[in-house]
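# Examining the three-dimensional arrangement
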Amino acid sequence: MKQKRAGGGGPKDRLDFLRDIPVMANIEYLLTTAADIGEIFVLSKVPGAEKFIGGKNYVDFVAGEKRKWIAKHMNKFFDAKHIIICDGPKGKLIRPTKTDVLIDDRQENINEWESVGGRGILFNDAFSAKKQLIYINNTVRGK
């Protein structure tokens, strides 16, 4: 497998590329609903160390940058203990149950999460995700 070099091309190759990522539109609308339903966490994935020159050091750096971005933009909803950064499948790090809902913008993460027992919502926009979250919550609770 060919390793990628960080820092040499487009915006995602810059070491500070996370600083430029905007907050998704209306995300507070969704997070407020999620917080009303239960405890919420950020579960974010960093590509595995084997994919990058610099390996584990690069993965640790990106994980730190993700934590800084979350602290800057979403500190109203998440403190440090509610931010989990992993470098492998999300469902292997946390063993989800049917009450654990992953809202993600990547279908492969949803598929993996559901395959180990959780429920998933593919994020397209905050309003649709909120409707799906309320539906899943009501279904799980028998409402």
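Just so you know, these numbers come straight off a predicted model, no measurement behind them.

Attention now goes to the side chain of K130. Assignment of secondary structure puts K130 in helix α5 (residues 126-141). D36 provides the closest opposite charge to the buried, unpaired K130, separated from it by 7.4 Å. There is a polar contact of 3.5 Å between the side chain of K130 and the side chain of T33.

Let's shift gears to the pattern of salt bridges. Considering all chains together, one arrives at three salt bridges under this definition. Here K76 makes a salt bridge to E28, at a shortest N to O gap of 3.4 Å. With K76 in the loop between α2 (55-74) and β2 (83-86) and E28 in helix α1 (residues 27-37), this pair connects stretches of sequence that are 48 residues apart. Overall, K76 belongs to the exposed group, its relative accessible area being 61%. Residue E28 is classed as partly exposed on the basis of its relative accessible area, which comes to 42%.

A few words now on the packing of α1 against α5. Where α1 meets α5, the axes come as close as 8 Å, and the angle between the chain directions of the two elements is 15°. Relative to α5, α1 is oriented roughly parallel. When the axes of α1 and α5 are compared, the crossing they make is right-handed. In contact with I27, Y29, L30, T33, A34 and I37 of α1, α5 contributes A126, F127, A129, K130, L133, I134, N137 and R141. Along the lines of polarity and charge, the residues of the contact of α1 with α5 split into 10 nonpolar, two polar and two charged.

The complete set of buried residues in α1 reads I27, L30, L31, T33 and A34. End-on, the buried residues of α1 take up no more than an arc of 160°, which puts them together on one face. Its buried side turned inward, α1 meets α2, β3 (101-104) and α5.

Tallying each qualifying case throughout the model produces one aromatic pair. Both rings, one in Y29 and one in F127, keep their centres 4.5 Å apart while their planes meet at 55°; by these two values the pair is tilted. On the criterion of sequence distance, the pair formed by Y29 in helix α1 and F127 in helix α5 is long-range, its members being 98 residues apart. A relative accessible area of 36% places Y29 in the partly exposed class. Residue class for F127 comes out partly exposed when judged on its relative accessible area of 41%.

Further remarks concern the nonpolar core. Among the nonpolar cores identified, the biggest contains 26 residues, and L30, L31, I70, M74 and F78 are the most heavily contacted of them. Within the residue set of this core, elements represented by two or more residues are α1, α2, β2 and α5. If you tally residues by element for this core, the top one is α2, at seven residues. Setting aside its immediate chain neighbours within four residues, L31 contacts I40, M74, F77 and F78. If you look at the next biggest cluster of nonpolar residues, it comprises five residues, including L43, C86, L102 and I110.

About the cut-offs
- Residues numbered from 1 in each chain as written.
- Predicted model: local features only at pLDDT ≥ 70, side-chain atom pairs only at ≥ 80, totals over all residues.
- Heavy atoms only, no water.
- Helix = DSSP H or I, 4+ residues; strand = E, 2+ residues; numbered from the N terminus.
- Buried < 20%, exposed > 50% of the residue type's maximum accessible area, 1.4 Å probe, protein only.
- Lys, Arg positive; Asp, Glu negative; His and termini not counted.
- Salt bridge = Lys/Arg side-chain N within 4 Å of Asp/Glu carboxyl O.
- Polar contact = N/O pair within 3.5 Å; in protein donor to acceptor, adjacent residues only side chain to side chain.
- Axes fitted to C-alpha atoms, helices over the stretch in contact; angles between N-to-C directions.
- Parallel < 35°, antiparallel > 145°, perpendicular 65-115°, else oblique.
- Left-handed = near helix turned anticlockwise from the far one by under 90°.
- Contact = heavy atoms within 4.5 Å.
- Nonpolar A, V, L, I, M, F, W, Y, C, P; charged D, E, K, R; others polar.
- Arc of directions from axis to C-beta.
- Phe/Tyr/Trp six-rings, centres within 6.5 Å; stacked < 30°, edge-to-face > 60°.
- Core = buried A, V, L, I, M, F, W, Y, C linked by side-chain atoms within 4.5 Å.

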